[in-house]
Amino acid sequence: MIVLGIETSCDETAAAIVAATPQGPRILSNQLRAQFAEHAPFGGVVPEIAARAHLDHLDALIDRALAEANVALAEIDGVAATAGPGLIGGLIVGTMMGKGIAWGTGKPFVAVNHLEGHALTPRLTDRVDFPYLVLLVSGGHCQLLVCAGVGLYTRLGTTLDDSPGEAFDKTAKLIGLGYPGGPAIEHAASEGDPHRFVLPRPLKGRPGCDFSFSGLKTAVSRLVAVGGLDTRDTADLAASVQLAICDALIDRTANAVDWFCRHHPEGTALVAAGGVAANDQLRSRLAALAKAAGLRFVAPPPTMCTDNAAMIAWVGIERLRLGLVDHLDAAPHPRWPLDTCAAAARSGGYTAA
Ligand code: KG4
Ligand code: ZN
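Quick caveat, the model's predicted, so the values are computed rather than measured.

Draft legend 1. Main features of the site of ligand 1. In the vicinity of ligand 1, 19 residues are found, and the nearest of them are Gly139, Asp169, Gly182, Glu186 and Gly275. At 3.0 Å, a backbone N or O of Gly140 approaches an oxygen atom of ligand 1. Here an oxygen atom of ligand 1 sits 3.5 Å away from a polar atom, N or O, in the main chain of Val276. Taking 550 Å² as the accessible area of ligand 1 by itself, protein coverage stands at 87%. Looking at the shell around ligand 1 element by element, the count peaks at four residues for helix H6 (residues 181-189). When grouped by side-chain class, the residues that make up the shell around ligand 1 number six nonpolar, ten polar and three charged. If you count residues domain by domain, the shell around ligand 1 takes at least three from each of domain 1 (2-123 + 303-342) and domain 2 (129-299).

Draft legend 2. Seen up close, the pattern of salt bridges. Summed over the entire model, instances satisfying the criterion amount to 15 salt bridges. Put simply, Asp236 and Arg196 hold a salt bridge, and the shortest N to O gap is 2.7 Å. Placement of Asp236 in helix H8 (residues 231-263) and of Arg196 in the loop between H6 and helix H7 (214-225) is noted, with a sequence separation of 40 residues between them. Between Arg232 and Asp236 there is a salt bridge, with its nearest N and O atoms 3.3 Å apart. Taken together, the positions of Arg232 and Asp236, both in helix H8 and four residues apart, correspond to about one turn of that helix. Exposure remark for Arg232: the relative accessible area of 46% places this residue in the partly exposed category. Asp236 gets classed as buried once you look at its relative accessible area, which sits at 3%. Within the structure, one salt-bridge network assembled from shared partners comprises Asp162, Glu166, Lys170 and Lys217.

Draft legend 3. Just the coordination of the zinc ion (ligand 2), in detail. Binding of the zinc ion (ligand 2) to the protein goes through His114 (NE2), His118 (NE2) and Asp307 (OD), at separations of 2.1 to 2.2 Å. Sequence positions of the donors to the zinc ion (ligand 2) reduce to the motif H-x3-H-x188-D. Of this pair, His114 sits in helix H4 (residues 114-125) while Asp307 sits in the loop between helix H10 (302-305) and helix H11 (310-321); the two residues are 193 residues apart in sequence, bridging distant segments of the chain. As far as burial versus exposure is concerned, His114 and Asp307 are alike and both buried.

Draft legend 4. Expanded view of the pairing of strand E2 (residues 12-21). Burial analysis of E2 places nine of its ten residues in the buried class, which makes it a mostly covered element. In terms of strand pairing, strand E1 (residues 2-7) meets E2 through six bridges, oriented antiparallel. Each bridged residue has a counterpart across the sheet, and for Ile6 the counterpart in E2 is Ala15. Between E1 and the antiparallel strand that follows it, E2, lie four residues. By the bridge criterion, ten bridges tie E2 to strand E3 (residues 24-34) in an arrangement that is antiparallel. Each residue of the ladder has a partner; that of Glu12, found in E3, is Ala34.

Draft legend 5. Up close: the packing of aromatic side chains. Applying the stated criterion across every chain, the model contains two aromatic pairs. Consider the rings of Phe130 and Tyr132, whose centres lie 5.6 Å apart with planes at 5°: the pair is stacked. By relative accessible area, Tyr132 is classed as buried at 0%. Pairing Phe211 with Phe213 gives two aromatic rings, centres 6.2 Å apart and planes at 15°, and the pair type is stacked.

Draft legend 6. Seen up close, unusual backbone geometry. Omega for the bond connecting Gly84 with Pro85 falls within 30 degrees of zero, at -15°, which places this linkage in the cis form. Mapped onto the elements of the fold, Pro85 is located in the loop between strand E4 (78-84) and helix H3 (88-105). Of note, the amide linkage connecting Phe130 to Pro131 takes the cis form, showing an omega dihedral of -10°. Mapped onto the elements of the fold, Pro131 is located in the loop between H4 and strand E6 (132-137). At Asn70, a position not held by glycine, the phi torsion is positive, near 60°. Tracing the chain through its elements places Asn70 in the loop between helix H2 (47-69) and E4.

Draft legend 7. Geometry of the domain arrangement of the chain. Splitting the chain by domain gives domain 1 (2-123 + 303-342) and domain 2 (129-299). Between the C-alpha centres of domain 1 and domain 2 the distance comes to 26 Å. At the interface, 18 residues of domain 1 touch 25 residues of domain 2. Between domain 1 and domain 2, the buried area comes to about 1,700 Å², and carbon and sulfur atoms account for 70% of it. Remark: the boundary between domain 1 and domain 2 carries zero salt bridges. On the surface where domain 1 and domain 2 come into contact, there are three residue pairs in polar contact (both at pLDDT 80 or more). Listed by contribution, the elements that provide at least two residues to the side of domain 1 that touches domain 2 are H4 and H11.

So, how was this worked out
- The residue count restarts for each chain, going from 1 along the sequence in the order it is written.
- To label them, take the chains in the order written and letter them from A, then take the ligands in the order written and number them from 1.
- Per-residue local features are limited, in this predicted model, to residues with pLDDT of at least 70; the limit for side-chain atom pairs, both in listing and counting, is 80 or more; totals at the level of whole chains, interfaces and linings are taken over all residues.
- Only hydrogens and water are removed before side-chain values are computed, so all heavy atoms of the structure are retained for them.
- The criterion for a residue being near a molecule or strand is simple. One of its heavy atoms has to lie within 4 Å of it.
- Nitrogen and oxygen atoms within 3.5 Å of one another constitute a polar contact, given that in protein one can donate a hydrogen and the other can accept it, and given that sequence-neighbouring residues count only through two side-chain atoms.
- Here the open area of atoms and residues is found with the Shrake-Rupley method and a 1.4 Å probe, where only the protein chains shown may cover a residue.
- The way it works is that DSSP assigns letters per residue, a run of H or I at least four long becomes a helix, a run of E at least two long becomes a strand, and they are numbered from the N terminus.
- Residue classes follow a fixed rule: Ala, Val, Leu, Ile, Met, Phe, Trp, Tyr, Cys and Pro count as nonpolar, while Asp, Glu, Lys and Arg count as charged, and any other residue, Gly among them, counts as polar.
- An automatic or database domain assignment provides the domain bounds reported here.
- When a carboxyl oxygen of Asp or Glu is within 4 Å of a side-chain nitrogen of Lys or Arg, the pair counts as a salt bridge.
- Relative accessibility decides the category of a residue: with a 1.4 Å probe and only protein chains considered, values under 20% of the type maximum give buried, values over 50% give exposed, and everything between is partly exposed.
- Only nitrogen, oxygen and sulfur atoms qualify as donors, and only when within 2.8 Å of the metal (3.2 Å in the case of Na, K and Ca); with water excluded, sites may look incomplete.
- The pairing criterion for strands is at least two bridges between them, as found by DSSP.
- Aromatic rings from Phe, Tyr and Trp, taking only the six-membered ring of Trp, are treated as a pair when their centres fall within 6.5 Å; an angle between ring planes under 30 degrees marks them as stacked, one over 60 as edge-to-face, and anything in between as tilted.
- Any two residues having at least one pair of non-hydrogen atoms within 4.5 Å are treated as being in contact.
- Accessible-area loss on putting two parts together, using a 1.4 Å probe and summing over both, is the definition of buried area adopted here.

Structure (structure tokens):
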């Protein structure tokens, strides 16, 4: 089975061709165009500019993906496009393109939940079996999810305010480091003393699996307001921020691992997904946590942690294998929680392929 995947939910335009072969999944092409340059002058993603950039570049990316994969449109078995959650303009561009190709070629269409793309990535990259526990941490998301099967997701916790990606990005901006903040803080932190500044670890030690990061931003803004950060201070503050965010993530994930191991003794793995999962300190501490609990630790390669279309094509494959197809009138959803019954959240419903 060969599926074309399309991703346009935020500020990355992406198209990919993924095949399910008897030897396992194969990514035949994974094309991506980031929009940093378009949004940089505004200091953040401008939805209208993002939608127009998707419109300008998506068809060329799809052509490039097909060419690199050496696959003709007639040879694909389905089209999968992100239908939410995300910025509505981009979602409309991607789903309309996907539906158009599906209609023109007579192939089935799959309206994909972006979060499901992140959650199922370890099955594409590392062939992880259900059930497993996912820490999904990015600029837009923060969730602990039990993945028990395709479409069977239970959210154990989420953030009460900011995502950890936002915490990295906003504190980096306050400290005067660049965007995106996660890699900038990680780089600056390598030279710093993580214990120099005392920063809050919201909810640490409390039961449950929810997160909170807004207090960290406030604490950093107070420190910065004192003024005059030299190179040493900047490195120490970056290291202190990174440690605080990782401490909070590890504390909440430890509670989720405990719950997961008690309720799913057959559980296979702890998985890290989303852009923040590219962080080295977080990865190594999650690996230790998983090991102590007797779970395998899986973190997809960083390029598969951040937004991409291969993960969307993969959801298409997983769903088409189960006969889950969407109607061409399936609407994009700017908000689309993964943990409620996925079928109920869709406008088009499912039909057997
Ligand atoms: O998954 P992603 O590409 O897009 C969203 O869905 O948001 O994640 C982007 C986020 C940004 O907030 C960025 O600062 C963060 O992931 N990030 C990192 C690292 N690389 C990217 N955070 C911490 N350490 C990193 N190495
Ligand atoms: Zn994402």
